[in-house]
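Okay, here's what each chain looks like letter by letter:
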Amino acid sequence: MKLFFSILRITGLTALAVVLIDLTLDVGDQSPYQAYPVLWLILAVIVFIAIAIEVSVASLRSLLYRSLTPEAKESYDAFMAAKEEKRSNWLKKTYRKLIDRKPVEKEDEIVLDHNYDGIRELDNNLPPWWLYGFYASIIFAFVYLARYHIFNGTTQIEEFNQEMAEAKAAVEEYKKNADDLIDMNTVERLTGEADLKAGQSIFETKCFACHKMDGGGGIGPNLTDDYWINGGGIKNVFHTISEGGRAGKGMVAWKTELTPKERAQVASYVLSLHGTEPASPKEPQGELWVDPDAPKQEQPDKQTDSIKANTGIKAIQTIE
Ligand code: HEC
């Protein structure tokens with residue numbers, strides 16, 4: 001029993017230390033023990049000290065006990081026995097109260113005067129532990145009813161939906177800032193000067209050989225005109241740059257060489273070349289591209305191919 005309480009005290013103290021550490025140290029998503037490995041050492045020291053105290057108190061006590069005179073030992077033993085007795089009496093009494101069972105000698109008081117072929121029935125009280133649990137559940141039911149059906153508290157389904165919505169928003173937020181998650185569906189035309197500059201420097205190192213410095217076209221098509229082989233607009237251009245042009249035409253997929261962010265930058269730069277006048281423009285190739293989102297008056301004159309162009313983004317195989 002003594003050992004049990006010793007262990008209880010040591011674990012209690014350790015748990016208290018752990019809770020205090022968790023409450024006082026705020027280290028974001030990490031666990032405090034990852035952030036400060038020295039905490040393990042501190043915990044170990046706390047446990048060690050607790051054990052040391054328990055051991056020394058116990059040995060001090062047995063030392064004192066041994067130094068007592070025989071009479072004193074006797075009265076001490078009697079005192080401890082009385083204490084122990086009191087404790088176990090209290091436990092027994094509480095247990096009996098909760099069960100409320102008539103002792104066998106007193107069963108006569110509660111036997112029902114009915115005799116089923118010699119089998120008789122005792123009219124025991126309901127065990128109080130059960131009865132109070134039952135009352136508690138009735139009270140709980142009323143509280144529950146009022147909370148959720150009268151005052152319209154948030155139900156579990158609503159809570160679930162709310163949490164899902166929050167999580168979804170968090171994912172969207174994360175995606176917005178995570179450059180490397182940009183794909184054809186989420187890419188947006190970048191207009192910031194830094195992004196366009198970055199796009200330009202990529203274009204002028206990796207793309208100019210086939211498209212010319214000014215995008216006028218050479219081996220590859222003119223990127224400044226309104227005609228696109230693989231579709232115009234940021235999404236299609238991003239897709240072409242990522243996955244390459246038509247097979248065997250010389251435009252390779254850049255997705256292994258350029259990060260998604262870089263592809264978005266160079267795609268935005270390519271689009272910014274639209275309408276400029278290259279020195280020796282290549283003749284238009286592909287179809288007239290009309291941005292489905294553009295305001296009406298900005299659309300180029302559509303005499304040819306207008307029907308095809310109006311159907312919007314060309315069908316492209318989905319990426320990945
Ligand atoms: C080896 C030559 C070569 C290089 C280098 C090259 N391209 Fe191309 N590019 C082509 C060819 C050829 C096409 C036409 C593909 C087709 O017909 O499908 C093309 C097509 C394109 C298109 C689509 C044009 C349209 O009309 O649909 C874009 C956009 C493009 N390239 C951008 C780039 C960018 C950005 C780079 C640099 C990262 C680059 N290209 C590097 C040869 C090249």
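Since the structure is predicted, the reported quantities are computational estimates derived from the model, not experimental observations. (Residues numbered from 1 in each chain as written. Predicted model: local features only at pLDDT ≥ 70, side-chain atom pairs only at ≥ 80, totals over all residues. Heavy atoms only, no water.)

**Overview of the domain arrangement of the protein**
- Examined at the domain level, the protein breaks down into domain 1 (1-65), domain 2 (110-150) and domain 3 (193-310).
- Computed over C-alpha atoms, the centres of domain 1 and domain 2 are 45 Å apart. (Domains from an automatic or database assignment.)

**Some points on a nonpolar patch on the surface**
- There is a patch of nonpolar side chains on the surface, built from L98, L126, W129, W130, Y132, F134, Y135, I138, F142, L145, I150 and F151 and spanning about 1,300 Å² of accessible area.
- Looking at where Y135 falls in the secondary structure, it is placed in helix α5 (residues 128-150). (Patch = residues over 30% accessible without salt bridge, like charges linked within 9 Å, V, L, I, M, F, W, Y side chains within 5 Å. Areas by Shrake-Rupley, 256 points an atom, 1.4 Å probe, with all protein chains shown as cover. Salt bridge = Lys/Arg side-chain N within 4 Å of Asp/Glu carboxyl O. Helix = DSSP H or I, 4+ residues; strand = E, 2+ residues; numbered from the N terminus.)

**Examining the packing of aromatic side chains**
- On inspection of all chains with the given rule, the structure shows 9 aromatic pairs.
- Both rings, one in F140 and one in Y144, keep their centres 6.1 Å apart while their planes meet at 40 degrees; by these two values the pair is tilted. Of the two residues, F140 and Y144 both sit in helix α5, 4 residues apart, roughly one turn of that helix.
- Take F140: its relative accessible area is 56%, and that puts it in the exposed class.
- Among the aromatic residues, ring-to-ring pairing joins W130, Y132, F134 and Y135 into one connected group.
- Over the aromatic face of Y148 sits the side chain of R147, whose NZ or CZ is 5.1 Å from the ring centroid. (Phe/Tyr/Trp six-rings, centres within 6.5 Å; stacked < 30°, edge-to-face > 60°. Buried < 20%, exposed > 50% of the residue type's maximum accessible area, 1.4 Å probe, protein only. Lys NZ or Arg CZ within 6 Å of the ring centre and 35° of its normal.)

**Let's talk about the UniProt feature "transmembrane region" (unreviewed entry) in the protein**
- In the numbering used here, UniProt assigns the feature "transmembrane region" (unreviewed entry) to residues 33-57 and 129-146.
- Along residues 33-57, the helical share is 92% and the strand share 0%, with 31 Å between the first and last C-alpha atoms.
- Taken end to end, residues 129-146 comprises 100% helix and 0% strand; its first and last C-alpha atoms sit 26 Å apart. (UniProt positions renumbered as here; feature names shortened; annotations may be inferred.)

**Some remarks on the side chain of K282**
- Structurally, K282 is set in the loop between α9 (260-272) and β2 (287-288).
- Looking at K282, its side chain comes within polar contact range of the main-chain oxygen of G218, at 2.8 Å.
- K282 has contacts with G216, G217, G218, I219, G220, P221 and N222, leaving out every residue within four places of it along the chain. (Polar contact = N/O pair within 3.5 Å; in protein donor to acceptor, adjacent residues only side chain to side chain. Contact = heavy atoms within 4.5 Å.)

**Concerning the site of the ligand**
- Taken together, 21 residues lie near the ligand, and C207, C210, H211, K249 and M251 sit nearest.
- A distance of 2.7 Å separates an oxygen atom of the ligand from a polar backbone atom of I229.
- In this structure, an oxygen atom belonging to the ligand sits 2.7 Å away from a main-chain N or O atom of N230.
- Of all the secondary structure elements, the ones that give two or more residues to the shell around the ligand are α7 (193-211) and α8 (233-243).
- Counting residues per element, the shell around the ligand draws most heavily on α7, at 4 residues.
- Its residues assigned to classes, the shell around the ligand comprises 12 nonpolar, 6 polar and 3 charged. (Near = heavy atom within 4 Å. Nonpolar A, V, L, I, M, F, W, Y, C, P; charged D, E, K, R; others polar.)

**Comments concerning helix α3 (residues 38-66)**
- Counted at 1.5 Å a residue, the expected span for α3 with its 29 residues is 42 Å, and the 42 Å between its end C-alpha atoms agrees.
- Listing the buried residues of α3 in full gives L39, L43, A50 and E54.
- Contact partners of the buried residues in α3: α1 (2-24) and α2 (32-35). (Expected span 1.5 Å × (residues − 1).)

**Points about the layout of surface pockets**
- By volume, the largest pocket is sized at about 700 Å³.
- The wall of the largest pocket is formed by 21 residues, among which K2, R9, R61, Y76 and M80 lie closest to the centre.
- Within the residue set of the lining of the largest pocket, elements represented by two or more residues are α1, α3 and α4 (70-99).
- Broken down by class, the residue content of the lining of the largest pocket amounts to 12 nonpolar, 2 polar and 7 charged. (1 Å grid on protein atoms, 1.4 Å probe; cavity = no way out; pocket = protein on both sides within 12 Å on 5 of 7 lines; lining within 4 Å. Points joined across faces, edges and corners; volume = space filled by probe spheres on them.)

**Regarding the side chain of D195**
- Along the polypeptide, D195 turns up in helix α7.
- Its relative accessible area of 18% is what places D195 among the buried residues.
- Those residues in contact with D195 that sit more than four places away from it in its chain are L190, K261 and Q265.

**What about the nonpolar core?**
- Counting 22 residues, the largest nonpolar core has F203, W228, V237 and V266 as its most contacted members.
- Those elements that place two or more of their residues in this core are α7, α8 and α9.
- Per-element tally for this core: the top contributor is α9, with 6 residues.
- Here V237 is in contact with W228, G231, G232, A267, V270 and L271, once residues within four sequence places are set aside.
- Formed by 5 residues, the second largest nonpolar core is a distinct cluster that contains A17, I21, L39 and L43. (Core = buried A, V, L, I, M, F, W, Y, C linked by side-chain atoms within 4.5 Å.)

**Considerations on a negative patch on the surface**
- A surface patch of negative charge is lined by E158, E159, E163 and E166.
- Here E159 shows up in helix α6 (residues 156-177). (Lys, Arg positive; Asp, Glu negative; His and termini not counted. Charge placed at Lys NZ, Arg CZ, Asp CG, Glu CD.)

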